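Residues per chain, in single letters:
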Amino acid sequence: MMTRREFFRFFIIGGILSLLGKKVNAGQKPKEAMFWRRID
Amino acid sequence: MAKTVQCELCPNACVLENGQHSRCRARMNKDGVLYSLVYGKPCAVHVDPIEKKPFFHFLPGTTAFSIATAGCVLSCKFCQNWQISQARPEDTDNYDLPPDNVVRQAIFYDCRSITYTYTEPTVFYEYMYDTAIIAKKYKIKNTMHSCGYIKEKPLRKLSKYMDAADIDLKAFTEDFYNRICSGSLKPVLNSLVVLKEEGVWLEITNLVIPTLNDDMKTVKEMCKWILKNLGPDVPIHFSRFFPHYKLTNLPPTPLETLTETRKTAMDAGLKFVYIGNIRHEGENTFCPKCKKMLIERIGYFVKQNNISNGKCRFCSTSIPGVWS
């Protein structure tokens, strides 16, 4: 049976690791197109 | 300062005011700059047999890591992937897969090639181009299945990294392209010639649709044009039509029409003529000299392959294609 102390220890370590871990890229930004021109 | 731009990627040449989307739905003018909205955001990612593309003379029996984003430069009434080709990028479920991850996945799944397919790869040109450059570094081949509706300059630039292209030659009349696809034939023919000039391995697919493009006189004209401009070695796939999208009123193509089309093409002088989307001996590759069966296929799968070092195992005739 996990004690309250153990639970909070895992909770805090898990929180720190998730903050340090690599962020998931939620989406690419739009990329400028290669073939286009401005019309004045 | 004017914020109007013109896309110079495909013959549609969309002129876009600030905030407008292109006809292909994959580009947008934001404050006077044209952006691709689908870079690194494929909506379809699969590992397929290369025969599904279809490529019959390109690394047979291997798998292709296949990707597509939403959007298309044409609006074919018979489109078999219309749910994604005629959709906006924000309406499809997209993966987050930048170019280096595409190549990583292709290597992980032991694919010999990456295929840009399903919708129209021209709409995700920047994504395809960047992926192709990385793939080349890792000896992964690049192939595309395209409608060929692209301007010459971007096509030549892309060809430096493209190993093979399967181009949909949907018909051989401007009327068909105008009425059924909202496009035109001439740029497609030009793309075929450009790809041949650039040394990209070329195969052609023609979907035979009852009453719309199954006139044998026109098929013969098309084959003569291929023979004259691309040579007799270009494989052509005549695919069976099934009712889809806006053409549900037409029946599937009868087998007799497909066999007649195949015979017309072979009589015109084309050496490698295939029938697709139906089980038939026209799925197999035969040696043009000794007539023996070289590659036996069942659907997308290769049952036997009698091509060794690019030559017929029985009579040593060289068979055009990319075999290793």
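None of these values were measured; they are calculated from a predicted model.

Participant: Which residues make up the overall build of chain A, and what are the values?
Facilitator: The helix and strand tally for chain A stands at 1 helix and 2 strands. In chain A, the succession of α and β elements from N to C terminus is α-β-β.

Participant: Could you give an account of the overall build of chain B, with specific residues and numbers?
Facilitator: What chain B contains, in helices and strands, is 8 helices and 17 strands. Here the C-alpha radius of gyration of chain B, 19 Å, is about what a compact globule of 324 residues would show, namely 20 Å. For chain B, the spread of C-alpha atoms along the three principal axes comes to 65 × 45 × 35 Å. In chain B, buried positions account for 49% of the 324 residues. Here the contacts in chain B between residues at least 6 apart in sequence split such that 68% fall between residues at least 24 apart.

Participant: Residue-level account of the domain arrangement of chain B, with values.
Facilitator: One frequent convention defines the size of an interface as the accessible area lost when the parts assemble. Residue and element names in this part refer to chain B. Once the domains are mapped, chain B shows domain 1 (38–269) and domain 2 (284–318). Computed over C-alpha atoms, the centres of domain 1 and domain 2 are 24 Å apart. Contacts between the two partners involve 6 residues from domain 1 and, on the opposite side, 7 residues from domain 2. Tallied by class, residues from the side of domain 1 that touches domain 2 come to 3 nonpolar, 1 polar and 2 charged.

Participant: Lay out the packing of helix 2 (residues 99–108) of chain B against helix 3 (residues 125–137) of chain B in plain terms, naming residues and giving numbers.
Facilitator: Think of two packed helices as two axes; the pair is described by the angle between the axes and how far apart they sit. All names here are of chain B. Remark: helix 2 packs on helix 3, axes separated minimally by 8 Å, with the N-to-C direction vectors making an angle of 50°. Classified by the interaxial angle, the pair formed by helix 2 and helix 3 is oblique. Crossing hand, helix 2 versus helix 3: right-handed. Contacts between helix 2 and helix 3 involve Pro99, Asp100, Val102, Val103 and Ala106 on the former and, on the latter, Tyr127, Asp130, Thr131, Ile134 and Ala135.

Participant: Which residues make up the interface of chain B and chain A, and what values do they have?
Facilitator: Tallying the contact residues gives 24 residues for chain B and 14 residues for chain A. The set of elements that each furnish at least two residues to the side of chain B that touches chain A consists of strand 1 (4–7), strand 4 (33–36), helix 3 and helix 4 (152–159) of chain B. Of the residues that constitute the side of chain B that touches chain A, the class distribution is 13 nonpolar, 5 polar and 6 charged. With 4 bridges joining them, strand 2 (residues 36–39) of chain A and strand 1 of chain B adopt antiparallel strand pairing. Each residue of the ladder has a partner; that of Ile39 of chain A, found in strand 1 of chain B, is Thr4 of chain B.

Participant: How would you explain the sheet that holds strand 1 of chain B if you had to name every residue and give the values?
Facilitator: Taken together, 3 strands build an open sheet; the order of strands is 2(A)-1(B)-2(B) and the sheet is antiparallel. A single partner strand is all that each edge strand has here, and the edge strands are strand 2 of chain A together with strand 2 (15–16) of chain B.

Participant: Which residues make up the sheet that holds strand 14 (residues 293–298) of chain B, and what values do they have?
Facilitator: Residue and element names in this part refer to chain B. The 3 strands lie next to each other as 13-14-15, forming an open sheet whose pairing is antiparallel. Each edge of the open sheet is held by one strand with a lone partner, namely strand 13 (285–286) and strand 15 (301–305). The pairing of strand 14 with strand 15 spans 4 bridges and is classified as antiparallel. Within the sheet, the bridge partner assigned to Ile298 lies in strand 15 and is Phe301.

Participant: Before we move on, could you go through the environment of Asp233 of chain B and cite the residues and values that matter?
Facilitator: Tracing the chain through its elements places Asp233 of chain B in the loop between helix 7 (216–230) and strand 11 (236–240). In this view, Asp233 of chain B contacts Lys271, Phe272 and Pro320 of chain B; residues no more than four positions away in its chain are not counted.

Participant: Give a description of unusual backbone geometry that names residues and reports values.
Facilitator: All names here are of chain B. Going from Lys53 to Pro54, the amide bond is cis rather than trans, its omega being 0°. Within the element layout of this structure, Pro54 appears in the loop between strand 5 (44–49) and strand 6 (63–68). Positive phi, normally seen in glycine, also occurs at Ala13, with a value near 45°. In this fold, Ala13 is placed in the loop between strand 1 and strand 2.

Participant: Any chance you could break down the confidence of the model for chain B for me, citing the residues and the numbers?
Facilitator: Low-confidence regions, as indicated by low pLDDT, have predicted coordinates that should not be scrutinised in detail. On average, residues of chain B score 97 in pLDDT, and 100% of them are at 70 or above. Interface confidence in the predicted complex, given as ipTM, is 0.92; pTM for the same model is 0.91.

Participant: Could you give an account of the pairing of strand 15 of chain B, naming the residues involved and the relevant values?
Facilitator: The element strand 15 of chain B is largely exposed, with a buried count of 0 among its 5 residues. Between strand 14 of chain B and strand 15 of chain B, which pair antiparallel in sequence order, lie 2 residues; one of them, Gly299 of chain B, sits at a positive phi of approximately 60°.

Participant: Hey, could you go over the confidence of the model for chain A for me, with residue numbers and the actual values?
Facilitator: Residues at a pLDDT of 70 or more form 65% of chain A, whose mean pLDDT is 73. Between residues 22–27 of chain A, whose pLDDT stays under 50, and residues either more than four places distant or in other chains, the model counts 2 contacts.

Participant: Break down the nonpolar core for me, citing the residues and quoting the values.
Facilitator: A general tendency of soluble globular proteins is for nonpolar side chains to be buried together. Residues and elements named next belong to chain B. In this structure, Val38, Val73, Ala106, Ile114, Ala165, Leu202 and Ile236 are the most contacted members of the largest nonpolar core, which totals 95 residues. With 7 residues, the single largest contributor to this core is helix 3. Judged by nonpolar contacts, the second largest core, of 5 residues, contains Cys287, Ile295, Cys312 and Ile319.

The rules we used
- Residues numbered from 1 in each chain as written.
- Chains lettered and ligands numbered in written order.
- Predicted model: local features only at pLDDT ≥ 70, side-chain atom pairs only at ≥ 80, totals over all residues.
- Helix = DSSP H or I, 4+ residues; strand = E, 2+ residues; numbered from the N terminus.
- Rg over C-alpha atoms; globule rule 2.2 N^0.38 Å.
- Buried ≥ 20, exposed ≤ 12 C-beta atoms within 10 Å, placed from the backbone.
- Contact = placed C-beta atoms within 7 Å.
- Domains from an automatic or database assignment.
- Nonpolar A, V, L, I, M, F, W, Y, C, P; charged D, E, K, R; others polar.
- Axes fitted to C-alpha atoms, helices over the stretch in contact; angles between N-to-C directions.
- Parallel < 35°, antiparallel > 145°, perpendicular 65-115°, else oblique.
- Left-handed = near helix turned anticlockwise from the far one by under 90°.
- Pairing = 2+ DSSP bridges.
- pLDDT = per-residue confidence, 0-100.
- Core = buried A, V, L, I, M, F, W, Y, C linked by C-beta atoms within 7 Å.

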